[in-house]
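Survey of secondary and tertiary structure
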Amino acid sequence: MQTARTTEQWRELDAAHHLHPFTDPHSLNQQGARVITRGEGIHLWDSEGHKIIDGMAGLWCVNIGYGRKDLPEVARRQMEDLAYYNTFFKTTHPAVVELSHLLSEVAPEGFRHIFYTNSGSESVDTMMRMVRHFWAVQGKPEKKVLIGRWNGYHGSTIGGASLGGMTYMHEQGDLPIPGIEHVEQPWWYKYGKDMTPEEFGLAAARWVEDKILEVGPERVAAFVGEPIQGAGGVIIPPSTYWPEVERICRKYDVLLVADEVICGFGRTGEWFGQQTMGFRPDIFTTAKGLSSGYLPIGAVFVGDRVANVLVAGGDFNHGFTYSGHPVAAAVAHANVKALRDEGIVDRVKNETGPYMQERWRATFGNFDHVDDVRGVGLIQGFTLVRNKATHELFPEWGTAGTMCRDIFFENNLIMRACGDHIVAAPPLVITKAEIDEMLGVAGRCLERFEKVVR
Ligand code: PLP
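The structure displayed is predicted, hence computed values, not measured ones. (Residues numbered from 1 in each chain as written. Predicted model: local features only at pLDDT ≥ 70, side-chain atom pairs only at ≥ 80, totals over all residues. Heavy atoms only, no water.)

Strand order across the open sheet formed by 4 strands is β1-β2-β3-β14, with mixed pairing between neighbours. Of all the strands in the sheet, the pair left with one neighbour each is β1 (36-40) and β14 (413-414). Strand direction decides the pairing type here: strand β2 (residues 43-46) and strand β3 (residues 51-54), joined by 3 bridges, are antiparallel. Paired with W45 across the two strands is K51, which belongs to β3. (Pairing = 2+ DSSP bridges. Helix = DSSP H or I, 4+ residues; strand = E, 2+ residues; numbered from the N terminus.)

Once that is clear, we can look at the side chain of H43. With respect to the helices, strands and loops of the structure, H43 is situated in strand β2. Within the local environment of H43, its side chain forms a polar contact with the side chain of E437, the two groups lying 3.3 Å apart. Not counting the four nearest positions on each side in its chain, H43 is found in contact with R38, K51, I52, I53, Y66, E434 and E437. (Polar contact = N/O pair within 3.5 Å; in protein donor to acceptor, adjacent residues only side chain to side chain. Contact = heavy atoms within 4.5 Å.)

With that out of the way, let us pick up helix α17 (residues 432-453). Relative to the 32 Å expected for 22 residues at 1.5 Å per residue, α17 spans 31 Å between its end C-alpha atoms, a close match to the ideal helical length. Where α17 is concerned, the buried positions are E434, I435, M438, L439, V441, A442, G443, C445, L446, F449 and E450. (Expected span 1.5 Å × (residues − 1). Buried < 20%, exposed > 50% of the residue type's maximum accessible area, 1.4 Å probe, protein only.)

In this section: the pattern of salt bridges. Under the defined criterion, the tally for this structure stands at 24 salt bridges. Two residues, R68 and D70, come together in a salt bridge whose shortest N-O distance is 2.7 Å. Among the residues examined, R68 registers a relative accessible area of 18% and is labelled buried. The class for D70 is partly exposed, based on a relative accessible area of 31%. Where D341 meets R340, a salt bridge forms, and the shortest distance between an N and an O atom there is 2.9 Å. Judged by its relative accessible area of 46%, D341 is partly exposed. (Salt bridge = Lys/Arg side-chain N within 4 Å of Asp/Glu carboxyl O.)

As a further point, take the site of the ligand. What surrounds the ligand is the set S119, G120, S121, Y153, H154, G155, E226, D259, V261, I262 and K288. One nitrogen or oxygen atom from the main chain of G120 is found 2.9 Å from an oxygen atom belonging to the ligand. With respect to the ligand, the side chain of D259 contributes an N or O atom lying 2.7 Å from a nitrogen atom. A total of 390 Å² of accessible area belongs to the ligand in isolation, and the protein chains cover 83% of it. For the shell around the ligand, a count of residues per class yields 3 nonpolar, 5 polar and 3 charged. (Near = heavy atom within 4 Å. Areas by Shrake-Rupley, 256 points an atom, 1.4 Å probe, with all protein chains shown as cover. Nonpolar A, V, L, I, M, F, W, Y, C, P; charged D, E, K, R; others polar.)

Taken together, 7 strands build an open sheet; the order of strands is β4-β10-β9-β8-β7-β5-β6 and the sheet is mixed. Two strands lie at the open edges of the sheet, namely β4 (111-117) and β6 (180-183), each paired on one side alone. Adjacent strand axes in the sheet meet at a mean angle of 25°, parallel and antiparallel pairs treated alike. As defined by bridge partners, strand β9 (residues 283-286) adjoins strand β10 (residues 298-303) across 4 bridges and the pair is classed as antiparallel. Bridge pairing in β10 places F284 opposite F301. The sheet strands contacting helix α5 (residues 94-106) are β4 and β10, and the helix crosses β4 at an angle near 135°. Strand contacts of helix α6 (residues 120-136): β4, β5 (145-149), β6, β7 (220-225), β8 (255-259), β9 and β10, with the helix running at about 160° to β9, the strand carrying the most contacts. (Axes fitted to C-alpha atoms, helices over the stretch in contact; angles between N-to-C directions.)

On to the packing of aromatic side chains, then. For any pair of aromatic rings, geometry is given as the distance between the ring centres together with the angle between the planes. On inspection of all chains with the given rule, the structure shows 22 aromatic pairs. Ring geometry for F22 versus Y153: centroids 6.4 Å apart, planes at 65°, classification edge-to-face. Taken together, the positions of F22 in the loop between α1 (7-17) and α2 (25-31) and Y153 in the loop between β5 and α7 (158-163) put the pair 131 residues apart, joining distant regions of the chain. Judged by centre distance (5.9 Å) and plane angle (70°), the ring pair of F115 and F316 falls under edge-to-face. On the criterion of sequence distance, the pair formed by F115 in strand β4 and F316 in the loop between α13 (304-312) and α14 (326-341) is long-range, its members being 201 residues apart. Neither F115 nor F316 differs from the other in exposure class; each is buried. The structure contains a cluster of three or more aromatic residues connected by ring pairs, namely F111, F265, W271, F272, F284 and F301. Above the plane of the ring of W45 lies R38, whose end atom (NZ or CZ) is 4.1 Å from the centre. The positively charged end of K143 is found above the aromatic ring belonging to W135, 4.7 Å away from the centroid. (Phe/Tyr/Trp six-rings, centres within 6.5 Å; stacked < 30°, edge-to-face > 60°. Lys NZ or Arg CZ within 6 Å of the ring centre and 35° of its normal.)

Following the criterion strictly, the structure yields 0 disulfides and no others. Not engaged in a disulfide, the cysteine C418 finds its nearest cysteine sulfur in C404; these two sulfurs lie 12 Å apart. (Disulfide = S-S within 2.5 Å.)

We now examine the environment of E270. In this structure, E270 sits in the loop between β8 and α12 (273-277). Contacts of E270, omitting those with residues within four sequence positions, involve Q275, T276, V345 and K349. Reaching out from E270, the side chain makes a polar contact with the side chain of K349 at a distance of 2.9 Å.

This part takes up a nonpolar patch on the surface. Judged by side-chain polarity, Y84, Y85 and Y322 come together as a nonpolar surface patch covering roughly 310 Å² of accessible area. Within the secondary structure layout, Y322 lies in the loop between α13 and α14. Residue class for Y322 comes out partly exposed when judged on its relative accessible area of 46%. (Patch = residues over 30% accessible without salt bridge, like charges linked within 9 Å, V, L, I, M, F, W, Y side chains within 5 Å.)

What follows covers the environment of G230. Mapped onto the secondary structure, G230 falls in the loop between β7 and α11 (241-251). Distance in space between the C-alpha atoms of G230 and N63 is 15 Å, their sequence separation being 167 residues. Those residues within four positions of G230 in sequence are excluded, and the remaining contacts are W60, I262 and C418.

Most of β5 sits inside the fold, with 5 of its 5 residues counted as buried. The alternating pattern of β5 places V145, I147 and R149 on one face and L146 and G148 on the opposite face, and all of these are buried. Pairing of β5 with β7, which is carried by 3 bridges, proceeds in the parallel orientation. Its bridge partner being in β7, V145 is matched across the sheet by V220. Note: β5 against β6, 4 bridges, orientation parallel. Counted as the bridge partner of L146 is I180 from β6.

Okay, structure coming up:
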């Protein structure tokens, strides 16, 4: 719904009444929010008529691109038929049944059961309760510690923020809650440069083993990680990391959980990041690309080992009023079907993903203050450094990143700064010509940035 107000009026009302997530209200109100009014494909428009390239697919979520006409039509029809009914207490509805069937088809083998939520954070919290329940119904209630990673991101609820490793989030609200442990992230550039990436991958996996042994395997319920850490700055582990983590989890009978909220639904060129990184979790959490952000919905995919115990285990006293909401489910179904039947995920794997990686490296590889240029599929990053030869980072982590991000934004390109990592994750429908357009703007912005930091 848009009313005929001026940008200034929207900004004033926004400042007066709207508390924004992850935003310093003071600096927001000084600058005024940018008012986004329309989207089409990979582009957005603001209320002043500027056309913006969205190199982040919103918050890594608009996989199918903006402005699809079929998804609103599906929503409208579903609202007319059945706008709402719940899935508690032995009821279901066709939209959620069809979605579950489709998701079991696109999921890796052995994932035939799905629990619905409204967001990534709720998926993570659901998973946390589920793994503890899994061990408790088998007579092991003490096996309840969850191990996450520093700089991992698992959402903003008390559970998700605790499991995540963002210390600036822990500092607010007395987090983490008890029963959560963290290990260091598999970031070769920072922690492993005296080894080959493959050696470092094994060493980083051993941090997981050390933590399991420190806590005691009989107390550890699960290890949880993003296949590729997204908000932590697109940290791609060496190829040896995940298979070794899987071996360790099996050895100590610890559940392995992948948080696929960003990596899921084609972002890495496979349907799920676990397939790109070569491991098989017991459970994985999703949201974002499940509906491409057209409506809020999340899903926890439960592998057979866990599902068999849950199915035999009686009531799981957990759920949300909108678990499996019919309109969100119908839209997610249409979205996933389009990602599959229109060959969008296949294109990321075979065409646009490889092209993006080649162009990304060619565009950024030769800048003096850019290092560790990396990516896979349509998720990529690089790190701003003070001295490339010595791999020295800038002294105040995040300042250079924010400066660079702001230059992009002024030039109508959205890419994100995670500290001094610059990352991008455009809609999966981006074409080769649009990749050229996006990286052309980004390259010119980097030239400006380098002149400023010199
Ligand atoms: N898990 C991961 C890996 C995420 O990246 C995010 C959000 O960025 C979440 C969980 C939380 O998702 P939401 O913001 O939908 O609650």
